[in-house]
Amino acid sequence: MSNISRCIYSFIASSVLLFSACKSKEDKTPTLAQTPINVNVMTIGNSFSSDSSGTQYSSTVDANKTINLSFQVSGTVLRIPVEVGQYVQKGQFLAEVDPTAYRSQYEAQMAQVRLAKENYDRVLTVFNKGSIAEIKMLNAKSEYEQAKNSANATYQNIVHTKLFAPQSGYIGDKQIEVGATAGPGVPIVSLFDLGKVSIHVPVPEAEVNNYKNGDKATVTIGALQNKTFDGVVSKIAVVSSQSAPVYTVQVDVVNSSKELKPGMSCNVTFHTIKRNASASNTKVTIPQEALQIDESGKDFVYVTNSDQKNAVRKYVTIGELTSNGITILSGLNDGDNVIISGFHKITDSSKINVVH
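Going by what an unreviewed UniProt entry lists, the protein is known as Efflux RND transporter periplasmic adaptor subunit and is assigned to Rhizosphaericola mali. UniProt annotates the protein under Sequence similarities (unreviewed entry) with the comment "Belongs to the membrane fusion protein (MFP) (TC 8.A.1) family."

**Student:** Any chance you could explain the confidence of the model for the protein here in plain terms?
**Tutor:** Low-pLDDT stretches of the model should not have their predicted coordinates read in fine detail. Per-residue pLDDT for the protein averages 83, and the proportion of residues at 70 or more is 83%. Throughout residues 1-33 the model reports pLDDT below 50, and contacts reaching past four residues in sequence, or to other chains, amount to two contacts. Note on residues 273-281: pLDDT is under 50 here. Beyond four places in sequence and across chains, it has 35 contacts.

**Student:** What is the right way to read unusual backbone geometry from this model?
**Tutor:** Phi is mostly negative for residues that are not glycine, and the peptide bonds are mostly trans. The backbone of N226 shows a phi angle near 60°, a positive value even though the residue is not glycine. With respect to the helices, strands and loops of the structure, N226 is situated in the loop between β10 (216-221) and β11 (227-236). At S349, a position not held by glycine, the phi torsion is positive, near 80°. The exposed category is assigned to S349, whose relative accessible area is 51%.

**Student:** What exactly am I supposed to notice about helix α3 (residues 134-159) here?
**Tutor:** Because the α-helix completes a turn every 3.6 residues, residues three or four places apart line up on one side. Under the 1.5 Å per step criterion, the end-to-end length of α3 is 38 Å for 26 residues, consistent within 8% with the ideal 38 Å. If you follow the buried residues of α3, they end up packed against α2 (100-128) and β6 (162-164).

**Student:** Please explain the nonpolar core as it appears in this structure.
**Tutor:** One recurring pattern in soluble globular proteins is that nonpolar side chains are buried together. The biggest cluster of nonpolar side chains holds 27 residues, and the ones touching the most others in it are I221, V251, V268 and F270. Looking at this core, the elements with two or more residues in it are β2 (49-70), β9 (187-204), β10, β11, β12 (246-254) and β13 (265-273). Excluding its chain neighbours within four sequence positions, the residues that come into contact with V268 are T55, Q56, Y57, I199, V201, A217, T218, V219 and V251. In this structure, M42, Y302, A311 and I339 belong to the second largest nonpolar core, which totals 23 residues.

**Student:** Help me out: how do you make sense of the pattern of salt bridges in this one?
**Tutor:** A side chain with one charge may pair with a side chain of the opposite charge, provided their charged atoms come close. In this structure the tally under the stated criterion is five salt bridges. When the shortest N-O distance is used, the salt bridge between E83 and K174 registers 3.9 Å. Here E83 is found in the loop between β3 (75-79) and β4 (87-88), whereas its partner K174 is found in strand β7 (residues 169-174), with 91 residues between them in sequence. Relative accessible area serves as the criterion here: at 49%, E83 is assigned to the partly exposed category.

Each value, and the rule that gives it
In this numbering scheme, every chain counts its residues from 1 along its sequence in written order. Totals for whole chains, interfaces and linings use all residues, but because this is a predicted model, local features are given only for residues with pLDDT of at least 70 and pairs of side-chain atoms are given and counted only at 80 or more. No hydrogens and no water enter the side-chain calculation; it runs on all heavy atoms of the structure. UniProt positions are given in the numbering used here, feature names are shortened, and annotations may be inferred rather than shown by experiment. The predictor attaches a confidence to each residue, called pLDDT, with possible values from 0 through 100. Only heavy atoms matter for contacts: two residues are in contact if any of them lie within 4.5 Å across the pair. Per the convention used, a helix needs a DSSP run of H or I reaching at least four residues, while a strand needs a run of E reaching at least two, with both numbered from the N terminus. Exposure categories follow from relative accessible area, calculated using a 1.4 Å probe and restricted to protein chains: below 20% of the type maximum is buried, above 50% is exposed, and the middle band is partly exposed. An expected span of 1.5 Å times one less than the residue number is assigned to each helix. Residues enter a nonpolar core if they are buried and are Ala, Val, Leu, Ile, Met, Phe, Trp, Tyr or Cys, with the set joined through side-chain atoms within 4.5 Å. Put simply, a salt bridge is a Lys or Arg side-chain nitrogen that is within 4 Å of an Asp or Glu carboxyl oxygen.

Dropping the structure here:
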């Protein structure tokens, strides 16, 4: 080997060794891609998915029970000694119609009762002596009993000229005034039970199956400085409204403080939604910003792998945009952990650290 060739060989060998040393040193320097990225996730549940914002509807507060009270007899109203909004106890006197006609009728019938009783006693005495036939005694007894029954019926009319509260509650409305003529079944006052109130929430047909009895809800009352109350679903309509394809979900709220009044506007937020056996066939809602689009225009999200150490790209089919986020029609399965923060720093297979 010539001296020139030996020099060239030595130069190449030295260069390779230098490059290898630099490369080895460079490989030992951690890169940004190898540093786990902190992320937050939302888990698609097995039986339902929920979000903190929930689904919100507007409605009004109703009394849990409303009783329209009326007389069983007719007459001129003499007294209604209660006012709208007044709290009354069970058995409290509420109103009265003029009993004069019924009292006069009762007194006349009682005179007939006394006469029939005297006649029956006389006939019975004669019958016991064997001087008259039994049929005459039985006729006298029947006339006496008929007179008593008629008098008792009239006495009940006198009793029914006064109206009493069947239970404790608030007077909601007075529907007649003193001096007016009341008839049987014509409402006089309304009695509200406000120990518990109900809110009847109109829910679209596409969402009514998301709810069941016992679900929790939060009721916000604007008139009370947005004070919130805990509610529970108690009834779900099985027939829609005739005017629109909506169903009524009843939410009951305990009103021990009596702050909630019928007619108050409110917002009802349901927190438990989207029930189904498989989330892959159920619409779920995720934050809009978690949805991304690849270079070919396909929608995808990042989820965690099984050990939650790496991000995995997952393509999805999207639905409508709502106030709570974007609806995912398909592509997500039960147990998927959708990355909802930190996703802008990751790519497929990036190392992640799930922050709880």
